[in-house]
Structure formats: structure tokens, C-alpha cells
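# An overview of the molecular structure
What follows is each chain in one-letter form.
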Amino acid sequence: MLEQLQGVDISEGGMGISGSQEHSVGTQLIINLPEHNGRSGYVHAKVVRCWKENSQIRMGLEFNDSPDDLVIPANHELRLAA
């Protein structure tokens with residue numbers, strides 16, 4: 001599932017996002033992050049907080065290991081965000 005999310009803030013350990021769909025705490029996401037050189041990279045993150053703010057759904061994400069280093073079980077549901 002591909003979903004458009006908006007980054008609100010970012011740090012070394014995670015980021016804040018807003019979107020139209022609520023994701024439960026613990027949901028694993030693959031986030032496409034743009035880099036300064038015009039390319040983009042992917043990082044795994046999990047939802048650690050979720051709340052409604054005005055008409056938006058806000059979520060706090062915690063970054064996990066690099067996607068190249070992480071083995072994901074086949075029964076693990078993921079959401080891909082661009």
C-alpha cells in the first residue's frame with residue numbers, strides 16, 4: 001500500500017508525520033526520504049505515537065535498522081510511504 005504522508009519534523013532517531021489515515025502504534029512503515037543530492041533513500045520506522053490534531057492525523061515515528069539490514073517476516077504487514 002502506497003500512502004502520501006507529510007513530514008513535520010525529523011531527527012536522527014525518528015520523525016513526525018501527518019496523514020489522512022491513522023496507523024496503530026507498532027505499525028512498521030518504509031519511508032522514502034529525499035537526500036540533498038536529489039536522490040532518495042528508504043528507512044524503516046515504526047509508529048510510536050498517534051493522535052488527531054485539528055483535522056489531521058499526526059504520528060511519531062522511531063527509525064529502525066536500515067532496510068538492507070532488516071529481515072522482515074512474510075506475515076509482517078508493512079505500509080510504504082512516499
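Above this text sits the structure in question.
I will try to describe carefully the structure that is included in this document. Please read these numbers as outputs of a predicted model, since none were measured by experiment. (Residues numbered from 1 in each chain as written. Predicted model: local features only at pLDDT ≥ 70, side-chain atom pairs only at ≥ 80, totals over all residues. Heavy atoms only, no water.)

Let us now look at the environment of Val47. Mapping Val47 onto the fold places it in strand β5 (residues 40-53). Take Val47: its relative accessible area is 1%, and that puts it in the buried class. Measuring from C-alpha to C-alpha, the distance between Val47 and His23 comes to 7.2 Å, with 24 residues separating the pair along the chain. Discounting chain neighbours no more than four positions away, the residues touching Val47 are His23, Ser24, Val25, Gly26, Thr27, Leu29, Met59, Gly60 and Leu61. (Helix = DSSP H or I, 4+ residues; strand = E, 2+ residues; numbered from the N terminus. Buried < 20%, exposed > 50% of the residue type's maximum accessible area, 1.4 Å probe, protein only. Contact = heavy atoms within 4.5 Å.)

Another aspect to go through is unusual backbone geometry. Of note in this structure, Asn54 is not a glycine but carries a positive phi near 55°. Turning to its location among the elements, Asn54 is positioned in the loop between β5 and β6 (56-63).

Before going further, it helps to spend a moment on the pairing of strand β2 (residues 6-10). Examined bridge by bridge, β2 and strand β3 (residues 14-19) share 4 bridges and lie antiparallel to one another. Bridge pairing in β3 links Asp9 to Gly16. Hairpin connection from β2 to β3: 3 residues lie between these consecutive antiparallel strands. (Pairing = 2+ DSSP bridges.)

Inspection of the secondary structure puts Gly19 in strand β3. When its relative accessible area of 15% is taken as the criterion, Gly19 is described as buried. Note: C-alpha distance between Gly19 and Arg58 (39 residues apart in sequence) is 6.6 Å. If sequence neighbours within four positions are ignored, Gly19 has contacts with Leu5, Gln56 and Ile57.

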